[in-house]
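# Notes for the structure review
The lines below spell out each chain.
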Amino acid sequence: MVEEAELKIYNEIINKGCCKRCALRYLGQCKTLLTFEHPNTCLVNFGYMDPIEEFEEERKAKIRKINPCSVCLGLLQDPAIEEVFACKELNNISEYLNQTFVVYITFPTCILLRDHSMKLYLKRLFPNTFDCNKVIKVNNAWRYAVENRLSQILKKSYSHASKLTLHFYTKYQLEDDEMEAVQRVLKDIPKNSLSKHRVCDMLETISDSDFSNLVTVPPRVPFYSVTFEALKYYSEAIHLAGNYFKYSREIFQAQNPVNKASLDFSIEAIITNAIRNVASNFKEAIFKSSGFDDQNIRVLGSGRTFHLQLNDPKFESLSRKQCQVIEEIIRSSRVMAVRNLRETDKRDISILLDNEQRGARSYKVLCMVYNCKNVDYCINAVNMNGSLNVWQKIPLKVYQQRKFYNRKKRIFQIRARKLKGNLVELDLCTQCGLHVPEFINGDFGRTRPSLCDIMNAKVDVLAVDIFDFPSALHCDEEEDVVI
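One structure accompanies this document, and this report is about it.

## Describing the overall build of the protein chain
- The number of helices and strands found in the protein chain is 18 helices and 14 strands.
- Within the protein chain, the proportion of its 483 residues that are buried is 48%.
- Within the protein chain, contacts between residues at least 6 apart in sequence are counted, and of these 75% link residues at least 24 apart.
- Total accessible area computed for the protein chain in this model is approximately 25100 Å², and 48% of it derives from carbon and sulfur atoms.

Okay, structure coming up:
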């Protein structure tokens with residue numbers, strides 16, 4: 001049976017207008033999840049209530065409306081709990097194939113003040129028997145109360161590591177009025193930035209006497225209850241990584257709403273559509289690569305690393321076999337290919353992309369030389385440079401989209417040879433991030449020195465091919481398709 005000291009604490013909590021679940025929180029009684037799912041039964045089993053009292057309270061609850069709890073504002077009481085289970089949006093969760101779920105609750109911040117006020121009151125009244133460290137948090141108690149029944153409704157098991165998230169939102173009519181006291185203490189923080197973390201930090205540092213001057217101790221019984229506002233549910237994004245190869249000079253890299261042709265005929269669109277043929281149930285796909293390729297640039301060699309983020313997927317993951325099917329669909333387009341497509345962790349994406357940015361890249365460029373009497377002299381001027389440093393301002397073609405910068409990039413090796421007439425083939429090995437077309441034509445003086453400066457002539461870029469990427473992913477050898 002329960003000790004007399006704990007029974008006094010329980011009676012005092014109830015007398016101050018707290019609900020049964022809040023009483024269990026302050027008593028630290030969390031032996032099983034069923035403790036908060038059936039609070040009356042557990043209080044009888046623990047010895048805080050007798051069976052007759054339990055039956056009488058259930059009978060009275062059916063006759064009259066239950067008063068809101070003075071701490072949780074009704075959040076942990078049966079009417080609010082039942083409102084969660086009656087939410088119609090729960091029927092939509094069956095669309096997700098996930099076998100597990102995780103649930104969260106966002107409650108009014110003023111509950112933290114009321115909770116701290118009750119703990120301070122009990123600590124003063126029972127200094128030797130009440131332990132603040134044993135108090136169970138409001139959000140944990142709420143989760144314990146709904147977890148088992150939600151599992152039965154959704155036919156999924158609860159897991160902290162689940163990708164399927166259910167987030168319940170609540171509101172309280174007098175939230176702003178009760179938070180005015182905190183606002184007077186945290187004057188430098190805007191009202192809309194008064195997060196629970198800031199309030200918790202304040203409660204940890206404020207003295208008991210200062211807190212008592214701000215908030216009523218113990219908290220008063222409220223006139224209104226917490227009400228259910230919304231349920232938001234989503235599945236954690238799936239991250240895919242791989243290497244793409246671009247064989248056509250007519251294909252775009254990414255979709256552009258301004259350019260209608262890129263919406264259907266781009267690297268991003270082809271990969272996304274291939275995935276939708278295998279697993280169509282996701283909201284959107286966000287494409288990101290280790291660098292930008294102009295339309296007339298082919299990507300050969302080991303390919304370019306890319307990342308595709310599938311938001312709110314209805315499926316849990318993509319298997320290796322499904323990824324191979326996607327690769328076959330993409331390869332059948334004959335304008336590009338993807339190798340080593342796989343699902344990866346979000347934390348690994350930046351590492352994959354950054355590793356490629358730190359390496360070197362090899363290019364083969366077809367150029368046309370103008371205003372030059374002797375092309376051989378221009379080629380010799382190029383081949384005299386074993387390596388050189390290049391300063392590039394942000395290219396004009398993306399000037400409106402990016403911040404201004406002036407970067408120093410290194411060309412490790414440069415070789416030129418004459419083909420026919422004024423056509424020149426250029427072999428380059430450069431530091432990642434060098435804009436090759438801008439290095440060739442000078443970009444109206446924004447690249448110094450440029451190939452035009454070295455040749456002392458006008459040079460235009462006709463075609464660019466990329467070879468031998470220092471790939472961050474392992475790729476099998478495969479014959480390149482040239483279009």
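This is not the end of the story, as more comes after the structure.
## Here's the deal with the environment of Gly 17
- Residue position: Gly 17 is located in the loop between helix H1 (4-15) and helix H2 (20-27).
- Taking C-alpha positions, Gly 17 is 5.3 Å from Ser 70, a pair spaced 53 residues apart along the chain.
- In contact with Gly 17, other than residues within four places in its own chain, are Pro 68, Cys 69, Ser 70 and Val 221.

## Re H2
- With eight of eight residues buried, H2 lies mostly within the body of the structure.
- Within H2 the residues assigned to the buried category are Lys 20, Arg 21, Cys 22, Ala 23, Leu 24, Arg 25, Tyr 26 and Leu 27.
- A positive phi of about 70° marks Gly 28, the residue just after H2.

## Some points on the sheet that holds strand E4 (residues 227-235)
- Read across the sheet, four strands follow the order E2-E1-E3-E4 without closing on themselves; strand pairing throughout is mixed. Of all strands in the sheet, those with a lone pairing partner are strand E2 (157-158) and E4, marking the two edges.
- For strand E3 (residues 164-171) and E4, the ladder comprises eight bridges, and the chain directions are antiparallel. Bridge pairing in E4 links Lys 171 to Thr 227.
- Of the strands in this sheet, strand E1 (100-106), E2 and E3 are in contact with helix H8 (residues 138-154), which crosses E1 at around 140°.

## Topic: the pairing of strand E11 (residues 406-418)
- Pairing between strand E10 (residues 388-393) and E11: six bridges, direction antiparallel. Looking at the pairing, Gln 392 lines up with Arg 407 of E11.
- As paired strands, E11 and strand E12 (residues 423-431) are joined by seven bridges and run antiparallel to one another. Residue Ala 416 lies in a different strand from E12, and its bridge partner there is Leu 426.
- The antiparallel hairpin formed by E11 and E12 contains four residues in its connecting segment, where Gly 421 sits at a positive phi of about 60°.

## Description of helix H7 (residues 110-125)
- Across its 16 residues, H7 extends 23 Å between first and last C-alpha, which sits within 8% of the 22 Å expected from 1.5 Å per residue.
- Burial runs high along H7: 12 of the 16 residues are buried.
- Buried within H7 we find Cys 110, Ile 111, Leu 112, Leu 113, Arg 114, Asp 115, His 116, Ser 117, Met 118, Leu 120, Tyr 121 and Leu 122.

## Observations concerning unusual backbone geometry
- The residue after Val 217, namely Pro 218, is reached through a cis peptide bond having omega -5°.
- Residue position: Pro 218 is located in the loop between helix H11 (208-214) and E4.
- Across the junction of Arg 448 and Pro 449, the peptide omega takes the value -10°, indicating a cis bond.
- Topologically, Pro 449 is positioned in the loop between strand E13 (447-448) and helix H18 (451-455).

## Some thoughts on the pattern of salt bridges
- Per the stated rule, a full pass over the model turns up 18 salt bridges.
- We note a salt bridge from Asp 115 to Arg 25, for which the minimum N-O separation is 3.1 Å. Here the residue Asp 115 occupies a position in helix H7, and Arg 25 occupies one in helix H2, the gap between them amounting to 90 residues. Considered together, Asp 115 and Arg 25 belong to a single accessibility category, that of buried residues.
- The shortest N-O distance in the salt bridge between Arg 298 and Asp 465 comes to 2.4 Å. Placement of the pair is Arg 298 in strand E7 (residues 297-311) and Asp 465 in strand E14 (residues 458-467), with a sequence separation of 167 residues. Each member of the pair Arg 298 and Asp 465 is classed as buried.
- Within this structure, Lys 364, Arg 417, Glu 425 and Asp 427 form a network of salt bridges that share partners.

## With respect to the nonpolar core
- Core analysis: the biggest nonpolar cluster contains 70 residues, and Cys 22, Tyr 26, Leu 75, Trp 142, Leu 166 and Phe 168 have the highest contact counts within it.
- What Tyr 26 contacts, discounting residues up to four positions off in sequence, is Ile 13, Val 71, Asp 115, Met 118, Lys 119, Leu 122, Phe 130 and Val 135.
- Leu 308, Phe 439, Leu 451 and Val 459 belong to the second largest nonpolar core, which has 57 residues in total.

Definitions and cut-offs
- Residues numbered from 1 in each chain as written.
- Predicted model: local features only at pLDDT ≥ 70, side-chain atom pairs only at ≥ 80, totals over all residues.
- Heavy atoms only, no water.
- Helix = DSSP H or I, 4+ residues; strand = E, 2+ residues; numbered from the N terminus.
- Buried < 20%, exposed > 50% of the residue type's maximum accessible area, 1.4 Å probe, protein only.
- Contact = heavy atoms within 4.5 Å.
- Areas by Shrake-Rupley, 256 points an atom, 1.4 Å probe, with all protein chains shown as cover.
- Pairing = 2+ DSSP bridges.
- Axes fitted to C-alpha atoms, helices over the stretch in contact; angles between N-to-C directions.
- Expected span 1.5 Å × (residues − 1).
- Salt bridge = Lys/Arg side-chain N within 4 Å of Asp/Glu carboxyl O.
- Core = buried A, V, L, I, M, F, W, Y, C linked by side-chain atoms within 4.5 Å.

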